[in-house]
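Okay, here's what each chain looks like letter by letter:
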Amino acid sequence: MSLQKRIFLYGALFISAIMVLAGWLFYVTISGAIEEQVGQRALDIAVTSAERPDIIKGFSASDPAAEIQPIAEKIRAQTGAEYVVVGNTESIRYSHPVVGRLGQKMVGDDNEKALRDGVAYISEATGSLGPALRGKAPIFDQNGSIIGVISVGFLKTDMAGTFHAYLDSISSIVLAAAVIGAFGSMLLARSIKKTLFGLEPAEIANLYNERNAVIESVREGIIMVNKSGEITMANASAHDMLALPEDMSLLGIPIEDILPNTMLPQVLETGESQFDRPMTIRGKKTIVNRIPISFDDEIVGAVSSFRLQSDIEGLRSELSQVTQYAEALRAQTHEHQNFLYTISGLIQLNSLEEAMQLIHHETEEQQSLVQFVTQRLQDPFLGGLVIGLFNRARELKVKLLLDEESNMKQLPPHLEKSLFVSILGNLIVNAFEAVEHLPENERIVRLLLVDNGSEILMEVEDSGPGLDPELMPLLFKERVSTKQGGDRGYGMVKVYESVRDLHGEIAIETGDLGGSLFIISIKSEELA
């Protein structure tokens, strides 16, 4: 049975059962109240009638029945009682609705307390007219002696009719409430079904298990909080990065108690997402993303995912190296293709001498470049990268100058070479882009690499327009770019981080070429 049907059925049955029980209790309460009220009414009539002088006087008449019967009938007619019976101390009737029963003994055997003890009371007994509630009161003469008893009765069959009238009303109310309850259950079932996106409990359980499996499978730490800032979920990776035991429950703990420097409360307040934000967690550098969770245009929580910066930097470094090598190879391949096309054309034109001259010139130029670079930069890692950049500069029609003072035998083994590739590659590529809009004869980029034994000095200068002074303070802190496109601004941040990881320093000046001059100094000696 579907969830909607179950909610409707159980809700309707539950409400119907409650209403039937409430109706029965109400009926019992009303019945008891009516009986108590009728009994009290009979007793009040009996006590009042027993004190009437004409009834007391009737007992001393020669024919008491003749005197008392009219009075009793008048009382019965005025009060609506079923009967008003007056008897003497022997319970012989002096009045009765049925005249033929006058002079006979009263039925019910419940006169003893009134005749013997002289008390008034309510009695339930079966008289000559049937079961009834009766008010009994003793009759006293002027001397205070008991001379008789008066019994005022209301038949229970008459009260049953009143009960049935109430029962009909109660049944109608119960039935109407059951119908309304069934209709309400139907609306509730539909509302719950809609809230659950039409999913059945088994489907929800499967989704919950799948969600937990997915969250636990990712390597990023994930923490969710509600709108009060209390943790509602944290995966195993989050426990690892927070250096917490996996069996430690974080549910219900304020996020600021776990991460005092968290920005999740700000996300809950503003509703603005935060992407790729640096953050130090328990001494570990991480990159954090924070996203608000909204429902019906209301922020109900937030989720934060974070990963160690070293993991991201490793991937980025590898990608940067691959990109630099691929770009260098592409440039070299493109340049050689153009060269081969030229030779092919000269051969087809039978210009063999020009073809030979071109080959010798290209070979000499390439050998001269390789020889110059290998002499100045004996480290094959940097030498290969610089030659690739020279080929890229030739393709872009940019004049790349390797400063004659450049001299670097070997990169110190304790310095990570991938960081040098990242620094040099990003700075040179940015320099190429800075001069690409200039006339071809003005596109100049200068490179200096020097190892003086105590430090490694790197300079990259271009003939571009330089940097806006307003951007200088933000250049290494935020994703800032002067070029068009949305996915920009990573290069300089990466350069700064790589220099920092190498325990170096970076400065920006205006160079002799008129553009930007980046100066980087890195200690070549291993730090203790």
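1. With respect to the overall build of the chain
- When helices and strands are counted, the chain shows 14 helices and 14 strands.
- A burial count over the chain gives 41% of its 528 residues as buried.
- Residue pairs at least 24 apart in sequence account for 57% of intrachain contacts in the chain once pairs closer than 6 positions are excluded.
- Carbon and sulfur atoms make up 56% of the accessible area of the chain, which totals about 29,500 Å².

2. A closer look at the pairing of strand 14 (residues 516–523)
- Burial of strand 14 is extensive: six of the eight residues sit out of reach of the surface.
- Sheet topology note: the strand 12 (residues 455–462)/strand 14 ladder contains seven bridges and is antiparallel. What sits directly across from methionine 458, in strand 14, is isoleucine 520.
- Sheet analysis places strand 13 (residues 505–510) next to strand 14, joined by six bridges and oriented antiparallel. By the bridge assignment for strand 14, isoleucine 506 is matched with isoleucine 520.
- Taken together, strand 13 and the strand that follows it, strand 14, pair antiparallel across an intervening segment of five residues, in which glycine 514 is found at a positive phi of about 100 degrees.

3. A short note on the pairing of strand 8 (residues 284–295)
- Bridging between strand 7 (residues 274–281) and strand 8 involves six bridges; their strand directions are antiparallel. Each bridged residue has a counterpart across the sheet, and for threonine 280 the counterpart in strand 8 is lysine 285.
- Linkage of strand 7 to strand 8, two consecutive antiparallel strands, is achieved through a turn of two residues, within which arginine 282 is found at a positive phi near 50 degrees.
- The pairing of strand 8 with strand 9 (residues 298–308) spans 10 bridges and is antiparallel. When the sheet's bridge partners are listed, arginine 290 is paired in strand 9 with serine 304.
- Adjacent in sequence and paired antiparallel, strand 8 and strand 9 are bridged by two residues, among which aspartate 296 carries a positive phi angle near 55 degrees.

4. Re the packing of aromatic side chains
- Under the counting rule described, the total for this entry stands at one aromatic pair.
- Ring geometry for phenylalanine 59 and tyrosine 94: centres 5.3 Å apart, planes at 65 degrees, overall edge-to-face. Linking phenylalanine 59 in the loop between helix 2 (53–58) and helix 3 (64–79) with tyrosine 94 in the loop between strand 1 (83–88) and helix 4 (112–117), this pair joins segments that are 35 residues apart in sequence.
- On the basis of relative accessible area, phenylalanine 59 is assigned to the buried category, the value being 15%.
- Residue tyrosine 94 is classed as buried on the basis of its relative accessible area of 15%.

5. Describing the pattern of salt bridges
- Tallied over the full model, the rule gives 10 salt bridges.
- The salt bridge involving aspartate 54 is made with arginine 52; its shortest N-O contact spans 2.8 Å.
- Residue class for aspartate 54 comes out partly exposed when judged on its relative accessible area of 29%.
- The partly exposed category is assigned to arginine 52, whose relative accessible area is 28%.

6. Brief notes about the environment of tyrosine 94
- Expressed as a C-alpha distance, the spacing of tyrosine 94 and glycine 148, which sit 54 residues apart in the sequence, is 9.7 Å.
- When neighbours within four sequence positions are excluded, tyrosine 94 is seen to be in contact with Phe59, Pro64, Ala65, Ile68, Gln69, Val86, Gly87, Asn88 and Leu102.

7. Here we look at the nonpolar core
- Phe420 and Leu424 are the most contacted members of the largest nonpolar core, which totals 42 residues.
- Secondary structure elements with two or more residues in this core: helix 12 (380–395), strand 10 (399–402), helix 13 (417–435), strand 11 (444–451), strand 12, helix 14 (490–501), strand 13 and strand 14.
- Look past the residues within four positions of leucine 424 in its chain and what remains in contact with it is Leu382, Leu385, Val386, Leu389, Leu447, Leu449 and Met458.

8. What to know about the confidence of the model for the chain
- Averaged over all residues, the pLDDT of the chain equals 80, while 85% of them reach at least 70.
- Ranking the elements of the chain by mean pLDDT puts helix 10 (residues 309–348) last, at 64, and strand 12 first, at 91.
- A low-confidence stretch, residues 484–489 (pLDDT under 50), is modelled with 10 contacts involving residues beyond four sequence positions or located in other chains.

Each value, and the rule that gives it
- Residues numbered from 1 in each chain as written.
- Predicted model: local features only at pLDDT ≥ 70, side-chain atom pairs only at ≥ 80, totals over all residues.
- Heavy atoms only, no water.
- Helix = DSSP H or I, 4+ residues; strand = E, 2+ residues; numbered from the N terminus.
- Buried < 20%, exposed > 50% of the residue type's maximum accessible area, 1.4 Å probe, protein only.
- Contact = heavy atoms within 4.5 Å.
- Areas by Shrake-Rupley, 256 points an atom, 1.4 Å probe, with all protein chains shown as cover.
- Pairing = 2+ DSSP bridges.
- Phe/Tyr/Trp six-rings, centres within 6.5 Å; stacked < 30°, edge-to-face > 60°.
- Salt bridge = Lys/Arg side-chain N within 4 Å of Asp/Glu carboxyl O.
- Core = buried A, V, L, I, M, F, W, Y, C linked by side-chain atoms within 4.5 Å.
- pLDDT = per-residue confidence, 0-100.

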